[in-house]
Amino acid sequence: MFTGIIASIGSIAAITPKGGDVRVYVKTGKLDLGDVVLGDSIAVNGVCLTAVELPGDGFWADVSRETLARTAFVDLKTGSRVNLEKALTPTTRLGGHLVSGHVDGVGEIVSREENARAIQFKVRAPRELAKYIAHKGSITVDGTSLTVNAVDGAEFELTIVPHTLAETIMADYRPGRRVNLEVDLLARYLERLLLGDKAAEPNSSGLTEGFLAEHGYLKH
């Protein structure tokens, strides 16, 4: 588990094909690796990876075909900047929100505009994730815990203050860039809870529009 508070900006130092998937070497910048051991989890742009080698100034990790298919990790190349966060401990301050490091989908930066000293981003989420994104709710973008300021269908707005721009890779974002999205865990669990006994039935992974209408959650 993570908090969505980025501890360091790192960079991809190497990407090596290995047995059908890839192994990556991430240089970790100012991230303190003093308490990291082999097998520990580190979030890279919101993707939970396992450290398999620790050469000193970073770590090697294996990236599976599943991760490459379901995240924007495939867009990274040698030299790409990445957000980094170590897994939380029982004494970690929960400054953001609970983040699993399991990406739900890939979004796209639609627009970027100045808003006084902040930057206003509009992001388009995959259609199937729209139901989990709420005004003033939490969402994770490339591992960064953020507050949703407005929602319009599958698009949502973020206002990013100067500190966040300086401490994450969001300053690099331009329209067209793909980003990893993880929706709030509470929304996921609430969805399953609302299914009740139907959760045990096959193909009951989520609330369909028909289910919501049947139980009075949608008014036509």
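Here is what the cut-offs are and how they apply
Residues numbered from 1 in each chain as written. Predicted model: local features only at pLDDT ≥ 70, side-chain atom pairs only at ≥ 80, totals over all residues. Heavy atoms only, no water. UniProt positions renumbered as here; feature names shortened; annotations may be inferred. Helix = DSSP H or I, 4+ residues; strand = E, 2+ residues; numbered from the N terminus. Rg over C-alpha atoms; globule rule 2.2 N^0.38 Å. Buried < 20%, exposed > 50% of the residue type's maximum accessible area, 1.4 Å probe, protein only. Contact = heavy atoms within 4.5 Å. Areas by Shrake-Rupley, 256 points an atom, 1.4 Å probe, with all protein chains shown as cover. Lys, Arg positive; Asp, Glu negative; His and termini not counted. Charge placed at Lys NZ, Arg CZ, Asp CG, Glu CD. Pairing = 2+ DSSP bridges.

- Under an unreviewed UniProt entry, the name given to the protein chain is Riboflavin synthase, and the source organism is Pseudomonas straminea.
- According to the UniProt record, the Catalytic activity (unreviewed entry) comment for the protein chain is "2 6,7-dimethyl-8-(1-D-ribityl)lumazine + H(+) = 5-amino-6-(D-ribitylamino)uracil + riboflavin".
- In the Pathway (unreviewed entry) part of its UniProt record, the protein chain is described as follows: "Cofactor biosynthesis; riboflavin biosynthesis; riboflavin from 2-hydroxy-3-oxobutyl phosphate and 5-amino-6-(D-ribitylamino)uracil: step 2/2."

### Focus: the overall build of the protein chain
Turning to step 1, where the next piece is worked out: If you tally the helices and strands in the protein chain, you get four helices and 13 strands.
Turning to step 2, where the next piece is worked out: Radius of gyration (C-alpha) of the protein chain: 18 Å, near the 17 Å computed for a compact globule of 220 residues.
Turning to step 3, where the next piece is worked out: Along the longest, intermediate and shortest principal axes, the C-alpha atoms of the protein chain span 60 × 45 × 35 Å.
Turning to step 4, where the next piece is worked out: Counting every position in the protein chain, which comprises 220 residues, the buried fraction comes to 42%.
Turning to step 5, where the next piece is worked out: Here the contacts in the protein chain between residues at least 6 apart in sequence split such that 66% fall between residues at least 24 apart.
Turning to step 6, where the next piece is worked out: Element-wise, carbon and sulfur atoms account for 51% of the exposed surface of the protein chain, whose accessible area totals about 11,800 Å².
Turning to step 7, where the next piece is worked out: Distance between charge centroids for the protein chain: 3 Å, based on 24 positive and 28 negative side chains.

### Let's talk about the pairing of strand β9 (residues 138-141)
Along any regular strand the residues' side chains alternate between the sheet's two faces.
Turning to step 1, where the next piece is worked out: One ladder, built from four bridges, connects β9 with strand β10 (residues 144-147); its direction is antiparallel. Paired with Ile139 across the bridge in β10 is Leu146.
Turning to step 2, where the next piece is worked out: Counted between consecutive antiparallel strands, the loop separating β9 from β10 contains two residues, among which Asp142 sits at a positive phi close to 50°.
Turning to step 3, where the next piece is worked out: Alignment of β9 against strand β13 (residues 178-183), held across three bridges, turns out to be antiparallel. Each residue of the ladder has a partner; that of Thr140, found in β13, is Glu182.

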